[in-house]
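For reference, the chains in residue letters:
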Amino acid sequence: MLQIAKMLQNVSSRAAGARHVFSARPVCSRVNFQAVRAASRFADVAQAPPDPILGVSEAFRASTNPNKLNLGVGAYRDEDLKPVVLNVVKKAEGNIFSRNENKEYLSIEGLEGFRRATVDLLLGQGHPAIQEGRVAAIQSLSGTGSLRVGAAFIARFLKGATVYISNPTWGNHRNIFGDEGVEWKHYRYFDAATVGLDFKGLTEDLTAAPPGSVVLLHGCAHNPTGVDPTPEQWAAIADLCKERNLLPFFDVAYQGFATGDLDKDAFAPRLFVERGLEILVSQSYSKNLGLYGERVGALVMVVQDKESATRCLSQLKRLARALYSNPPTHGAKIAAEVVNNKELFDEWKVEMRGMAGRIERVRGELQAALEAKCPQKDWSFITRQIGMFSFTGLSPAQVDNMTNKHAVYMTRDGRISLAGLNSAKVEYLADAIVDSVRNC
Ligand SMILES: Cc1ncc(COP(=O)(O)O)c(C=O)c1O
């Protein structure tokens, strides 16, 4: 006992000494600690530029102008310019919650019902390619993640192939293939003089592409131009791909959103399959089902035989395992519930037509307002373009005027998202456009 008491006494007197030492050295401050901290090994990491599309929303949020208008990001808004959750999504979520399902991992290739539904949407239920088992489909992280898995597949199995991307295109295409180390080049697409398709330029560039190249095609509602090939032009592009041995890779981000009809908007990939071509397709439910943040989509490969499909799927799984292991469950369950339930599917089609119809209506109103305010210019391209966007032809200086003077936020390539416009704002936007065209 005595020994223990002595030990405790020693400890406490040492602690008192320690306190004394600390109080005797008040210079041991934060300044001294900082002096010994080494420079960061990341000091040379350069600041990345803001994303040209998502950066527009950041600038919009920072603006205090009460008239501000966000026409940058491609997300649907209702007539009050508010984000929308579709009724069918709410109903599907209700059904899912009532089943009290678990949150276990999905398999690498994703939810079976979702994969089936997604391939059905793309090719049409009962399509021969599905019956013959020559379709490989992997659920992935929406359109972007599906494109990235496709890019990884190209990098690994089509070594040295160049991907031909339309000029202009959705800004992220270059990042996706570039970051995967896949070489990409532009093919001509847009003719500023006609505000239409440069079909001659497209044909020449694809004819000059080396056999074995990949051609990235927007399945419908080309982003950013809103200009799609006609059915005859699609057929000619399919023939060209066949003759030149080019692999078409369709980016289908707007199925049902372009015309309000899921089948019409799948015309191009279906035609290519009909003509005997093998295709890659990335599909997204961001826009047509409004599942933006849930990250719901798939990479689909339609190939010549079942054995190739089986082997390709095994390799897609291998790539996905290292990229993100397995895809998220919730959004895929919603999409599967909507597509596989007849009542919900029919209601979805009505809601989709409603979204596409509202965009078509404000297109018409904007064109009419511009024609009234500036009749010397031809504005008919606005209703000729389809989908979410209009490619206005405004120069970067004119876009700066739109933003700095009128608080209209849009990408510097002159693209506006009509999903961010309502009838009440049409006059304001038309005045801003006319001022920018006349004075900049
Ligand atoms: C042409 C195109 N492809 C792909 C995407 C990918 O979208 P997400 O990753 O949200 O499905 C978009 C989105 O704006 C797009 O416009």
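Residues numbered from 1 in each chain as written. Predicted model: local features only at pLDDT ≥ 70, side-chain atom pairs only at ≥ 80, totals over all residues. Heavy atoms only, no water.

- You'll find the protein chain entered in an unreviewed UniProt entry as Aspartate aminotransferase, with Astrephomene gubernaculifera given as the organism.
- Taken directly from UniProt, the Catalytic activity (unreviewed entry) text for the protein chain runs: "L-aspartate + 2-oxoglutarate = oxaloacetate + L-glutamate".
- In its Cofactor (unreviewed entry) section, UniProt records this for the protein chain: "pyridoxal 5'-phosphate". (UniProt positions renumbered as here; feature names shortened; annotations may be inferred.)

## Focus on helix 13 (residues 306–323)
- In a regular helix each residue adds 1.5 Å, so 18 residues correspond to 26 Å; helix 13 covers 26 Å between its end C-alpha atoms and thus fits that length.
- Every buried residue of helix 13 is accounted for by Ser 308, Ala 309, Cys 312, Leu 313, Leu 316, Leu 319 and Ala 320. One side of helix 13 holds all its buried residues, which, seen down the axis, span an arc of 130 degrees. What points out from helix 13, more than 90 degrees from its buried face, is the exposed set Thr 310, Arg 311, Arg 318, Arg 321 and Ala 322.
- Those residues of helix 13 hidden inside the fold are in contact with helix 5 (112–123), strand 2 (135–141), helix 7 (142–157) and strand 10 (296–302).
- Measuring from the side-chain oxygen of the N-cap residue of helix 13 to the backbone nitrogen of Glu 307 gives 3.3 Å; that N-cap residue is Asp 305.
- Trailing helix 13 by a residue or two, Ser 325 shows a phi angle of about 75 degrees, which is positive. (Helix = DSSP H or I, 4+ residues; strand = E, 2+ residues; numbered from the N terminus. Expected span 1.5 Å × (residues − 1). Buried < 20%, exposed > 50% of the residue type's maximum accessible area, 1.4 Å probe, protein only. Arc of directions from axis to C-beta. Contact = heavy atoms within 4.5 Å. Polar contact = N/O pair within 3.5 Å; in protein donor to acceptor, adjacent residues only side chain to side chain.)

## Concerning the sheet that holds strand 4 (residues 184–188)
- A sheet is described by the order of its strands in space; here 7 strands give the open sequence 2-10-9-8-7-3-4, paired in mixed fashion. The sheet is open, and its two edges are formed by strand 2 and strand 4, each paired on a single side. With strand direction ignored, the average angle separating the axes of adjacent strands in the sheet is 25 degrees.
- Note: strand 2 against strand 10, 7 bridges, orientation antiparallel. (Pairing = 2+ DSSP bridges. Axes fitted to C-alpha atoms, helices over the stretch in contact; angles between N-to-C directions.)

## Brief notes about unusual backbone geometry
- The residue after Asn 167, namely Pro 168, is reached through a cis peptide bond having omega 5 degrees.
- Relative to the helices and strands, Pro 168 is located in the loop between strand 3 (163–167) and helix 8 (172–179).
- With an omega of 20 degrees, the peptide bond running from Asn 223 to Pro 224 counts as cis.
- The phi torsion at Asn 100 lies on the positive side, around 50 degrees, for a residue other than glycine.
- Along the polypeptide, Asn 100 turns up in the loop between helix 4 (87–98) and helix 5.
- Residue Asn 100 is classed as exposed on the basis of its relative accessible area of 69%.
- Even without glycine at this site, Ala 221 takes up a positive phi of about 55 degrees.
- Relative to the assigned elements, Ala 221 resides in the loop between strand 7 (214–218) and helix 10 (231–244).

## Some words on the environment of Leu 418
- Within the element layout of this structure, Leu 418 appears in the loop between strand 13 (415–417) and helix 18 (423–439).
- Overall, the relative accessible area of 1% leaves Leu 418 in the buried class.
- With 346 residues separating them along the chain, Leu 418 and Gly 72 place their C-alpha atoms 9.3 Å apart.
- The residues touching Leu 418, leaving out its near neighbours within four places in the chain, are Arg 358, Ile 359, Val 362, Arg 363, Leu 366, Met 388, Phe 389 and Ser 390.

## Looking at the site of the ligand
- All residues in the neighbourhood of the ligand are listed as Ser 142, Gly 143, Thr 144, Trp 170, Asn 223, Asp 251, Ala 253, Tyr 254, Ser 284, Ser 286, Lys 287 and Arg 295.
- Separating an oxygen atom of the ligand from a side-chain N or O atom of Tyr 254 is a distance of 2.7 Å.
- Here an oxygen atom of the ligand and a side-chain polar atom of Ser 284 are 2.6 Å apart.
- Protein contacts shield 91% of the accessible area of the ligand, which totals 400 Å² for the unbound molecule.
- At 3 residues, the largest contribution of residues to the shell around the ligand is made by helix 7.
- Residue classes in the shell around the ligand are distributed as 3 nonpolar, 6 polar and 3 charged. (Near = heavy atom within 4 Å. Areas by Shrake-Rupley, 256 points an atom, 1.4 Å probe, with all protein chains shown as cover. Nonpolar A, V, L, I, M, F, W, Y, C, P; charged D, E, K, R; others polar.)

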